[in-house]
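# Residue-level structural notes
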Amino acid sequence: MSYLHFAGTLISSLFKKPYTTSYPFKPLEYPERMRGKITIEIEKCIFCGTCMRKCPAGAITVDRTNKEWKINPFSCVQCSCCADNCPKKCLHMEQHYTTPAPEKTEEVFDARVPGNTQNSGNSQPAGK
Amino acid sequence: MGKRTIVPFGPQHPVLPEPIHLDLELEDEKVIRAIPSIGFIHRGLEKLVEKREYTEMVYVAERICGICSFGHGWGYCKAVESLMKVEVPSRAKYLRTIWHELSRIHSHLLWLGLQADAMGFESLFMHSWRIREEILDIFDKTAGGRVIFNVCKVGGLRRDIEDSELQGIAARLQRLKAEIKTITDTFFDEPTSVSRMRGVGVLTKQEAYDLCCVGPFTRASGNVIDMRLIDTDGCYQDVDFQPCISTDGDCYARCRVRVDEIFESIRIICAAIEKIPAGAIDVPVKGNPPEGQFFTRLEQPRGEAVYYVKGNGTRNLARLRVRTPTCINIPGLVKTLQGCDFADVPILALTIDPCISCTER
Amino acid sequence: MVSEVIAIKPEDILDKAEALKAEGYRMVQICATRVQEGFELSYSFDKDLAMKNLQFTIPLDGKVMSITSAYWPAFIYENEMHDLFGIDIRHIADGVDFHGHFFVTAKKTPWRELPPQKPAIKFTPEQLAAIAAAKAKKEAAAKAAAAPAQNPEGGKQ
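Below is a short write-up of the structure.

## Description of the overall build of chain A
- A tally of helices and strands in chain A yields three helices and five strands.
- Helices and strands in chain A line up, N terminus first, as α-β-α-β-β-α-β-β.
- Relative to its 128 residues, chain A shows a buried fraction of 17%.
- Within chain A, counting contacts between residues at least 6 apart in sequence, those at least 24 apart form 69% of the total.

See below:
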C-alpha cells in the first residue's frame, strides 16, 4: 500500500499536452462514418415520400404538389433510415453536426426555384 | 434515544448519474430506513409501441438509456427475432457480441469514475473517463455515434466492421490494458480508497439471493448468476467465457468484480475477433410479428435484463416490457442502507450501479 | 433460452409463489399487459438459469394478492403496477406499501386505458375506381408485351 501510488500518473500528466481538443478554435476531426446531419440533393428528389414514412422521429415533411422537402434537424435522431431507403439515393448523412441555434427551425428545400438560391440548407457547419 | 431526522437524498445529487429520490430516516448519524421514490425521468417509452411499428421501435428501445444503449437494442431485436423465428447470421452474432462487450467496458469505466468522484478523488475520476474516451472513439469509428449506435435491426445489423478495422481494435485494447491497470490498482491499493470501500454494505450470499439481486451486485457475494453462461444469440459459447465472482460481498468486492469484468471483456473481444467468420450481416425479414409472446434475457453491464414482447399479428407490437437490472437491485439498496452511516450513503447508492432511466423507461 | 409459460388461476398466485420459494427459485419480474378483458399478469421465476413464467388474466376491477410475504423484493413491481396501471394489489408488506407515491407521474395511472385501435384504411369510390383502372392498365401492358413474343410462333392471339 502506498499513498503515492497514483503520483506517477498525476505528475506525468502535468507535463503532457491536454487530451482534449481546443474546439472551436481548432477544427474537429470527424471519423469517416460519423452520423451528423442529413443533406439532400434536391434536383434528384422525386418527392415519393418514403423518407417521411420511414422516419421514426417524424422530422421530414414532403410536399409533392409544391415540390418542397423539409427537415427539422433538431428532431432528427441521425438514424439514417431515410438515406438507406431513398429510391434515388439523393439523401446523404454528412459528418458535421447541425449548427447550434437559439431556436428550433426547419430547413426547407424547394425544387421549383431555379438555381435553388432560396434553399436554407447551406448553413456553415460548426467549428469550420 | 438519539435525535431522529428525515433527510432527502436526490433527485439532484452530485454523485447520482440519474435522479432517484431516497427519504433517509436518520437517528444521529445512522440510517434507520430508506424510502425510495422514482418517476422523475419516466418517458412512457413502452407505451410507444402503440404508435411505432416494430421495425421503428428499435430506435426507441436504444434510447431507453445512454449507458446500456446497445444492450437494449440487441435485447429488443433478439426478442422480436425469436418471436418471428428469424435466424441471424453468424457474423452478426459475433459483431453484436463485440459491440456489447465494448459497451460493458465503457459502462464499467464510467462507474469507476463515478465511484472515485463519490470518494472525492476527482483526478482518478478524470483519468478513468479519459480512458473511456478511447472506447467511445472506437464506437464513433465503427457505429457512427459515441453513445447511441443505431446499428441493430430486426434481422441482423445495419453496418459491418472490416477485418482490418477489427485487428486495429484488438491492438488498441491490448495497449489500453496497461493504462487501465494503473487506474484500477489505485482503487485497490490506495489506503483512503480501501477504507471507504472495505466492509461497507456487506451482503451475504443467501441475503443477495433472497433479495433477488442480479449482476455484479450479487456476483460479488458469491452467486453465479450470469446470463452469458446460457446465451445462444451471441458468441459466448465459442470464446470460453468465465464469470467473475468474489465472496466478500462488500463494496470493495463489487469494485473488484467490475474491474475483473473489464479485463474479461477485453479477452472476449480479442478472442471473438480471431474467430469471427465472414459472411452476411443480416437476413431480410418480411411480414408482421405473429400472435404470441416471448421472454428473452441478456446480461447487461448492470445485470440480467428481461425483454418480453407480445405480438398480435399487426405491424405494432401489443406489449414490450423491459425489466432492467437496476429495477430489481433497488430492494437490495434499501436493505444495505438500513444501519449504515450517513457518510456511506453515496458509496452505497453507487455500488448497485444505478441506471434509473432504464428503471423508469 | 429455456423458458416455459404456465397458465394459473389468479387465486393461486401466493400458493404457487411460496412453493417456488421453497424449491429455491429467484423472482425475476412481474409484468402487466392491458388486454381486452382487463389485465394479463406474468410472474417470472428463475432457478439455475432456467425460467418459469406464471400467467393469468384478471378483470379491470379484479384484486390480486401480493407476494411480498414470500418474495420481499416484489414490492418494486407491485407498486409500479399499482401506480401505472391502477391494479388493486392487496396486502403488500408493511413499510414497502407506498400507496401510490412510489412512481410519481403527472397523470395518475397513465397506462390503464386500452391502446387506441388503428382504423382500417377506407377508400372512397373514386379511389377504388382509380386503383381498378390502374390495375387493368398494368395487366393490358403486360399482355401486349407478351403478345409480340408469341406472334412468330404461329399467330396466337
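Read on for the rest.
## With respect to the overall build of chain B
- Across its full length, chain B carries 12 helices and eight strands.
- Taking 2.2 N^0.38 as the reference for a compact globule, 361 residues should give roughly 21 Å; the C-alpha atoms of chain B span a radius of gyration of 21 Å, in line with that estimate.
- Taken along the three principal axes of its C-alpha coordinates, chain B extends 70 × 45 × 35 Å.
- Within chain B, the proportion of its 361 residues that are buried is 56%.
- A sequence separation of at least 24 residues applies to 70% of the contacts in chain B between residues at least 6 apart.

## As for helix 3 (residues 90-119) of chain B
Residue and element names in this part refer to chain B.
- An ideal rise of 1.5 Å per residue puts 44 Å on 30 residues; helix 3 measures up with 44 Å between its terminal C-alpha atoms.
- Among the 30 residues that make up helix 3, 27 are buried, leaving the element largely enclosed by the rest of the structure.
- Downstream of helix 3 by a residue or two, Gly120 has a phi angle that is positive, lying close to 95°.

## Here's the deal with helix 1 (residues 13-23) of chain C
Residue and element names in this part refer to chain C.
- Residues of helix 1 that are buried: Ile13, Ala17 and Leu20. All buried residues of helix 1 fall inside an arc of 65° around its axis, so they share one side. Exposed side chains of helix 1 directed beyond 90 degrees from the buried face belong to Ala19 and Ala22.
- Residues of helix 1 that are buried in the fold lie against strand 3 (38-47), strand 4 (50-59) and strand 5 (63-65).
- Positive backbone phi, approximately 100°, marks Gly24, located one or two places after helix 1.

## Quick notes on the sheet that holds strand 2 (residues 21-27) of chain B
Residues and elements named next belong to chain B.
- Strands sit in the order 1-2-3 across an open sheet of three strands; the sheet is antiparallel. The sheet is open, and its two borders are formed by strand 1 (4-9) and strand 3 (30-37), each paired with just one other strand. Looking at each pair of strands side by side, their axes are set apart by 20° on average, direction ignored.
- Pairing of strand 1 with strand 2, which is carried by six bridges, proceeds in the antiparallel orientation. Along strand 2, the bridge assignment pairs Thr5 with Leu26.

## Here we look at the pairing of strand 8 (residues 319-323) of chain B
Residue and element names in this part refer to chain B.
- Counting buried residues in strand 8 gives five out of five residues, a clear majority hidden from the surface.
- The alternating pattern of strand 8 places Arg319, Arg321 and Arg323 on one face and Leu320 and Val322 on the opposite face, and all of these are buried.
- Pairing of strand 7 (residues 303-311) with strand 8, which is carried by five bridges, proceeds in the antiparallel orientation. Within the sheet, the bridge partner assigned to Tyr307 lies in strand 8 and is Val322.

## So, the interface of chain C and chain B
- Listed by partner, the interface residues are 26 residues for chain C and 26 residues for chain B.
- Contributions of two or more residues to the side of chain C that touches chain B are made by strand 2 (26-35), strand 4 and helix 2 (75-85) of chain C.
- The leading source of residues in the side of chain C that touches chain B is strand 2 of chain C, at six residues.

## Brief notes about the interface of chain B and chain A
- On the side of chain A, 16 residues touch chain B, which itself brings 18 residues to the contact.
- Taken together, the elements giving at least two residues each to the side of chain B that touches chain A come down to helix 4 (122-143) and helix 5 (163-189) of chain B.
- With six residues, helix 4 of chain B is the largest single contributor of residues to the side of chain B that touches chain A.

## Details of the nonpolar core
All names here are of chain B.
- The biggest cluster of nonpolar side chains holds 158 residues, and the ones touching the most others in it are Met57, Val80, Ala272, Tyr307 and Val309.
- Broken down by element, this core gets its largest block of residues, 14 residues, from helix 3.
- Ignoring sequence-local partners within four residues, the contact set of Ala272 consists of Tyr94, Thr97, Ile98, Cys235 and Val239.

## Observations regarding the packing of helix 5 of chain B against helix 9 (residues 251-275) of chain B
Residues and elements named next belong to chain B.
- Relative orientation of the contacting elements helix 5 and helix 9 amounts to 165°, with a least axis distance of 10 Å. Taken together, helix 5 and helix 9 sit at an angle that is classed as roughly antiparallel. For the pair helix 5 and helix 9, the sense of crossing is left-handed. Listed contacts from helix 9 to Leu166, Gln167, Ile169, Ala170, Leu173, Lys177, Ile180, Thr184 and Phe187 of helix 5 are Cys255, Val259, Ile262, Ile266, Ile269, Cys270 and Ile273.

## Overview of the packing of helix 2 (residues 69-83) of chain B against helix 3 of chain B
Residues and elements named next belong to chain B.
- Packing of helix 2 against helix 3 leaves a shortest axis separation of 8 Å and a crossing angle of 145°. Once helix 2 is placed against helix 3, the crossing between them reads as left-handed. Contacts between helix 2 and helix 3 involve Phe70, Gly71 and Trp74 from the former and Arg96, Trp99, His100 and Ser103 from the latter.
- Considering only residue class, the contact of helix 2 with helix 3 consists of three nonpolar, three polar and one charged.

## Here we look at the environment of Ile38 of chain A
All names here are of chain A.
- Its place among the elements puts Ile38 in strand 1 (residues 37-40).
- Take Ile38: there are 24 C-beta atoms within 10 Å of it, and that puts it in the buried class.
- Other than its neighbours up to four places away in sequence, Ile38 contacts Ile71, Cys76, Cys82, Ala83, Leu91 and Met93.

## Some points on the sheet that holds strand 7 of chain B
All names here are of chain B.
- Sheet architecture is open: three strands sit in the order 6-7-8, paired in antiparallel fashion. On the outer flanks of this sheet lie strand 6 (292-300) and strand 8, each paired with one strand and no other. If you compare each strand with its neighbour and ignore which way they point, the axes differ by 15° on average.
- Across nine bridges, strand 6 lies against strand 7 in antiparallel orientation. Bridge pairing links Leu298 to Ala305 in strand 7.
- Running at roughly 150° to strand 6, helix 2 makes contact with strand 6, strand 7 and strand 8 of the sheet.
- The strands touched by helix 10 (residues 325-337) are strand 6, strand 7 and strand 8; relative to strand 7, the strand with the most contacts, the crossing angle is about 130°.

Reading the values: the criteria
Residues numbered from 1 in each chain as written. Chains lettered and ligands numbered in written order. Predicted model: local features only at pLDDT ≥ 70, side-chain atom pairs only at ≥ 80, totals over all residues. Helix = DSSP H or I, 4+ residues; strand = E, 2+ residues; numbered from the N terminus. Buried ≥ 20, exposed ≤ 12 C-beta atoms within 10 Å, placed from the backbone. Contact = placed C-beta atoms within 7 Å. Rg over C-alpha atoms; globule rule 2.2 N^0.38 Å. Expected span 1.5 Å × (residues − 1). Arc of directions from axis to C-beta. Pairing = 2+ DSSP bridges. Axes fitted to C-alpha atoms, helices over the stretch in contact; angles between N-to-C directions. Core = buried A, V, L, I, M, F, W, Y, C linked by C-beta atoms within 7 Å. Parallel < 35°, antiparallel > 145°, perpendicular 65-115°, else oblique. Left-handed = near helix turned anticlockwise from the far one by under 90°. Nonpolar A, V, L, I, M, F, W, Y, C, P; charged D, E, K, R; others polar.

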